[in-house]
Amino acid sequence: MKKLRIPKRVVGRRELVDFPQFQLWGVEAKVDTGAYTSAIHCSNIHLATRPDGRQCLHVQLLDPSHPDFDGTLMEFTDFGLRDIKSSNGDVQERYVIRAVMRIFGEDFDTEFSLSDRSDMKYPVLLGRLLLRHGRFVVDVTRRNVSYRAQQAAQSSPS
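Before going into details, it helps to say that this report is about the structure given with it. (Residues numbered from 1 in each chain as written. Predicted model: local features only at pLDDT ≥ 70, side-chain atom pairs only at ≥ 80, totals over all residues. Heavy atoms only, no water.)

The next point concerns the overall build of the chain. For the chain, the count of helices and strands is 2 helices and 10 strands. Along the chain, helices and strands appear, N-terminal first, in the series β-β-β-β-β-β-β-β-β-α-β-α. The C-alpha atoms of the chain give a radius of gyration of 17 Å, which matches the 15 Å a tight globule of 158 residues would have. Dimensions of the chain, computed from C-alpha atoms along their principal axes, come out at roughly 50 × 35 × 35 Å. Here the chain holds 158 residues, and the buried ones make up 37% of them. (Helix = DSSP H or I, 4+ residues; strand = E, 2+ residues; numbered from the N terminus. Rg over C-alpha atoms; globule rule 2.2 N^0.38 Å. Buried < 20%, exposed > 50% of the residue type's maximum accessible area, 1.4 Å probe, protein only.)

Here is the structure:
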């Protein structure tokens, strides 16, 4: 019996992605084949204890310069703490959450490390784990492939 192969899709070096569960749309993401885990910019990261004694993680996603930023503290009860190697080789302990990210109109449930990316140009980094899961290949000469494909699909007659 022959195994069905899902075709690979091309993404550019930069993509616009959505996070439906967070009501964040068109967030600029850098595609980084050097990163294993994807990352999302956040600030005000702190642990809190719920009345039932369980710990939860509070963060603010993005920053005031992003059009979808509303300053809301988000709460995560399902999170981990992991050593993540940064691009300069330093190992940092970071919180990791699972989140749904939409690209090409398809939702992907994947891990995101939470880090302060305020000194970076792009608030989201898409790593190899997501690229492999989505069967994406990167064309570094292109940008916003997913967004353009969705715009073309919406404007073409059905």
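What follows picks up the thread again.
Quick look at the environment of Y122 now. Within the secondary structure, Y122 sits in the loop between β8 (106–115) and β9 (124–126). For Y122, a relative accessible area of 11% puts it in the buried group. In this structure the C-alpha to C-alpha distance between Y122 and H41, which are 81 residues apart in sequence, comes to 8.5 Å. Once residues within four sequence positions are removed from consideration, Y122 is found in contact with R14, E28, K30 and R117. (Contact = heavy atoms within 4.5 Å.)

What follows covers the pattern of salt bridges. Within this structure, the stated rule accounts for 6 salt bridges. E106 is the salt-bridge partner of R9, the closest N and O atoms lying 2.9 Å from each other. Here R9 is found in strand β1 (residues 9–19), whereas its partner E106 is found in strand β8, with 97 residues between them in sequence. Here R9 falls in the partly exposed class, since its relative accessible area comes to 24%. We note a salt bridge from R82 to E111, for which the minimum N-O separation is 3.0 Å. Of this pair, R82 sits in strand β6 (residues 79–85) while E111 sits in strand β8, and the two are 29 residues apart along the sequence. The exposure class of E111 is buried, given its relative accessible area of 17%. (Salt bridge = Lys/Arg side-chain N within 4 Å of Asp/Glu carboxyl O.)

On the surface, a cluster of positive charge is made up of K121, R142, R143 and R148. Positionally, R143 belongs in strand β10 (residues 136–143). Exposure remark for R143: the relative accessible area of 43% places this residue in the partly exposed category. (Patch = residues over 30% accessible without salt bridge, like charges linked within 9 Å, V, L, I, M, F, W, Y side chains within 5 Å. Areas by Shrake-Rupley, 256 points an atom, 1.4 Å probe, with all protein chains shown as cover. Lys, Arg positive; Asp, Glu negative; His and termini not counted. Charge placed at Lys NZ, Arg CZ, Asp CG, Glu CD.)

The next subject is the side chain of T37. You can see T37 is positioned in the loop between β2 (24–31) and β3 (38–49). Apart from residues lying up to four places away in sequence, T37 is in contact with R82, I84, E111, F112, S113, L125 and G127.

So, about the pairing of strand β4 (residues 55–61). Burial analysis of β4 places 6 of its 7 residues in the buried class, which makes it a mostly covered element. As paired elements, β4 and strand β5 (residues 74–76) share 3 bridges and run antiparallel to each other. Looking across to β5, one finds that H58 is bridged to E75. (Pairing = 2+ DSSP bridges.)

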